[in-house]
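# Examining the three-dimensional arrangement
Each chain, letter by letter, is given below.
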Amino acid sequence: MSDAELTPVQLTWSLTWPPVVDAIRALSGRFGATVYIVGGAVRDAYMNRPVHDLDLVTAGVALRVARTIANKLDGAYYALDEERGVGRAIVSFEGVRYEIDVARLRGASLTEDLAARDFTANAMAVQLDGDPSAIFDPLNGLADIKIKRLRRCTPDAIASDPIRALRAVRQSATLKLMIEPATRADVRNAGSLLQNVSAERVRDEFFKMLDIPNPHAALRALDTLGLLERIIPEVRAMHGVTQGPPHV
């Protein structure tokens, strides 16, 4: 599907965006290109969850967009990856700190960019200067959220970046979405691939998992899927070990 064929889903209610989005929207005329809000921010706005940070994509110069946001909102600017065209603006707006990452589209279109993401619930977009309640959803992420399903975007989504296996477990526990069978099989198979991921990325994702409201559910799922021992090999020897009261 090309962007010319991509029609947004028009919701019958308004998404709730943090005030910083209106401030960024007011800057749209300075960007020189169309900018979209993508990923978890769109998902959270749809699920009526707090939106803390923003991911933006553009076919234009993403670094310029990030710098403009930082300059106009009295924030700080960082070039995260100049080669890939990824910049970050860190701003405080109405007492709340936001990290706003702006990236060049992956692929030749918004459709290709969304298809290259991890899960369909995170593969949605809203045009910044367009209707804030019209969601571009080429992979049917809205339908998956409605039936509480976590589904990979493509058959190679997890194998191409094994850290997404850990992210699947965390997001399943956090968002109360059931990992669908094919995605679950890919998550399990990604265990042997985690050795190819930097220890820092694995550590960061694991710590995020420990910081969710119900980390025990995520740890249990990691163990069931054979991923926990890939992160902490010592747990292999703990299976079947019993403890007396008051330990659990």
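Preceding this paragraph is the structure being described.
Note that the structure is a prediction, hence the values are computed from the model and not measured.

Across its full length, the chain holds 10 helices and 10 strands. Taking 18 Å as the expected radius of gyration for a compact globule of 248 residues, we find that the chain reaches 19 Å, a close match to that expectation. In the chain, buried positions account for 48% of the 248 residues. Here the contacts in the chain between residues at least 6 apart in sequence split such that 65% fall between residues at least 24 apart. For the chain, the exposed surface amounts to about 12,800 Å²; the carbon and sulfur share of it is 51%. Here the chain holds 30 positive side-chain charges and 31 negative ones, and the gap between their average locations is 3 Å.

Further remarks concern the nonpolar core. Grouped together as the largest cluster of nonpolar side chains are 38 residues, with contacts concentrated most on Ile24, Ile69 and Ile100. For this core, the secondary structure elements donating two or more residues are helix 1 (19-25), strand 2 (35-38), helix 2 (40-46), strand 3 (54-58), helix 3 (62-72), strand 5 (86-93), strand 6 (96-104) and helix 5 (141-146). With six residues, helix 3 is the single largest residue contributor to this core. Ignoring sequence-local partners within four residues, the contact set of Ile69 consists of Ile24, Leu27, Phe31, Leu56, Ala89, Val91, Ile100 and Val102. Residues Leu150, Leu166, Leu194 and Met209 belong to the second largest nonpolar core, which totals 27 residues.

With that settled, the discussion passes to the environment of Met47. Among the structural elements, Met47 can be located in the loop between helix 2 and strand 3. Between the C-alpha atoms of Met47 and Leu142, which are 95 residues apart in sequence, the distance is 9.7 Å. The contact partners of Met47, leaving out residues within four places of it in the chain, are Ile145 and Leu175.

Turning our attention to unusual backbone geometry. Cis geometry is adopted by the peptide bond preceding Pro246, which originates at Pro245 and carries an omega value of 5°. With respect to the helices and strands, the residue Pro246 is situated in the segment after helix 10 (228-231). With phi around 65°, Asn140 is a residue other than glycine that occupies positive phi space. Inspection of the secondary structure puts Asn140 in the loop between strand 8 (134-135) and helix 5. Its identity is not glycine, yet Lys176 carries a phi of approximately 60°, on the positive side. By the element assignment, Lys176 lies in the loop between helix 6 (163-175) and strand 10 (178-179). Its relative accessible area of 61% is what places Lys176 among the exposed residues.

What counts and how
Residues numbered from 1 in each chain as written. Predicted model: local features only at pLDDT ≥ 70, side-chain atom pairs only at ≥ 80, totals over all residues. Heavy atoms only, no water. Helix = DSSP H or I, 4+ residues; strand = E, 2+ residues; numbered from the N terminus. Rg over C-alpha atoms; globule rule 2.2 N^0.38 Å. Buried < 20%, exposed > 50% of the residue type's maximum accessible area, 1.4 Å probe, protein only. Contact = heavy atoms within 4.5 Å. Areas by Shrake-Rupley, 256 points an atom, 1.4 Å probe, with all protein chains shown as cover. Lys, Arg positive; Asp, Glu negative; His and termini not counted. Charge placed at Lys NZ, Arg CZ, Asp CG, Glu CD. Core = buried A, V, L, I, M, F, W, Y, C linked by side-chain atoms within 4.5 Å.

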